[in-house]
Amino acid sequence: VVGVVRVSKALESSVKAPGGKIAIISSLMGSCGDNGSGGFLPYRVSKAAVNMAGVTMACDLKEKGIAVGLIHPGMLQTNFGNLQEAPKSKQKHFRPVEPGCAGVVQAIDALTMETTGSFIHGNYGNGLKPCPW
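As the structure is a prediction and not an experimental result, all values here were calculated from the model.

K.L.:
Describe in detail the layout of surface pockets, supporting the description with residues and values.
P.N.:
Space left empty within the atom packing is revealed by a probe, the size of a water molecule, rolled over the atoms. There is about 1,000 Å³ of room inside the largest pocket. Lining the largest pocket are 32 residues, with S27, M29, F40, M75 and F94 positioned closest to its centre. Sort the elements by how many residues they give to the lining of the largest pocket and helix α2 (residues 41–61) lands first, with 3 residues. A breakdown of the residues in the lining of the largest pocket according to their chemical character gives 13 nonpolar, 12 polar and 7 charged.

Structure, rendered in structure tokens:
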């Protein structure tokens, strides 16, 4: 959380204003409304805090005309995601990185001042979806 805030603050003066965008990669795991399974407490709590930081930055930067978006890229097949250690029933949900990246780019392109502070699922490049808070 501190890293997201510090990097964003450090780069703020380099972001075009008005019209600039700050994209924060988050996770649906930080959603209170989507947590029906529990587990992963430290990760969930840190992502929920990242989401709050992003919404707060969206409020703070609105007057400057800088949009802030929170983006969930999806469950991707990365070393961080630890696909091999995930239960077999969950492994089918992991997707290749490339479609996840396509969705992130689409979410950044779609970010406007009207949608600043939103939490979006990149949906693997298949159309953006709002994430529950």
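K.L.:
Before we move on, could you go through the pairing of strand β1 (residues 21–25) and cite the residues and values that matter?
P.N.:
Judged by which residues are buried, β1 turns out to be one-sided: I22 and I24 face inward and are buried, whereas K21, A23 and I25, on the alternate face, are not. With 5 bridges joining them, β1 and strand β2 (residues 67–72) adopt parallel strand pairing. Bridge pairing in β2 links I24 to L70. Once you follow β1 into α2 and on to β2, the crossover reads as right-handed.

K.L.:
How would you summarise unusual backbone geometry if you had to cite specific residues and measurements?
P.N.:
At the junction of A17 and P18, the peptide bond is cis and its omega measures out at -5° in the coordinates. Among the secondary structure elements, P18 is positioned in the loop between α1 (2–11) and β1. Even without a glycine there, the phi angle at F40 is positive, about 55°. Tracing the sequence through the fold places F40 in the loop between β1 and α2. For F40, a relative accessible area of 61% puts it in the exposed group. One non-glycine residue, Y124, adopts positive backbone phi at about 55°. Tracing the chain through its elements places Y124 in the loop between β3 (119–121) and β4 (129–130). Judged by its relative accessible area of 11%, Y124 is buried.

K.L.:
For the environment of A48, give the residues involved together with the corresponding values.
P.N.:
By the element assignment, A48 lies in helix α2. Given a relative accessible area of 27%, A48 falls into the partly exposed group.

K.L.:
Describe the environment of R95, listing the residues and the values that go with them.
P.N.:
Positionally, R95 belongs in the loop between α3 (88–91) and α4 (97–110). Sequence separation between R95 and G65 is 30 residues; the distance between their C-alpha atoms is 34 Å. Filtering out sequence-adjacent residues up to four positions away, R95 remains in contact with M75, L76, Q77 and Y124.

Basis of the calculations
Residues numbered from 1 in each chain as written. Predicted model: local features only at pLDDT ≥ 70, side-chain atom pairs only at ≥ 80, totals over all residues. Heavy atoms only, no water. 1 Å grid on protein atoms, 1.4 Å probe; cavity = no way out; pocket = protein on both sides within 12 Å on 5 of 7 lines; lining within 4 Å. Points joined across faces, edges and corners; volume = space filled by probe spheres on them. Helix = DSSP H or I, 4+ residues; strand = E, 2+ residues; numbered from the N terminus. Nonpolar A, V, L, I, M, F, W, Y, C, P; charged D, E, K, R; others polar. Buried < 20%, exposed > 50% of the residue type's maximum accessible area, 1.4 Å probe, protein only. Pairing = 2+ DSSP bridges. Right-handed = clockwise from strand over helix to strand, strands pointing away. Contact = heavy atoms within 4.5 Å.

None of the figures reported here should be taken as evidence of function without further support.
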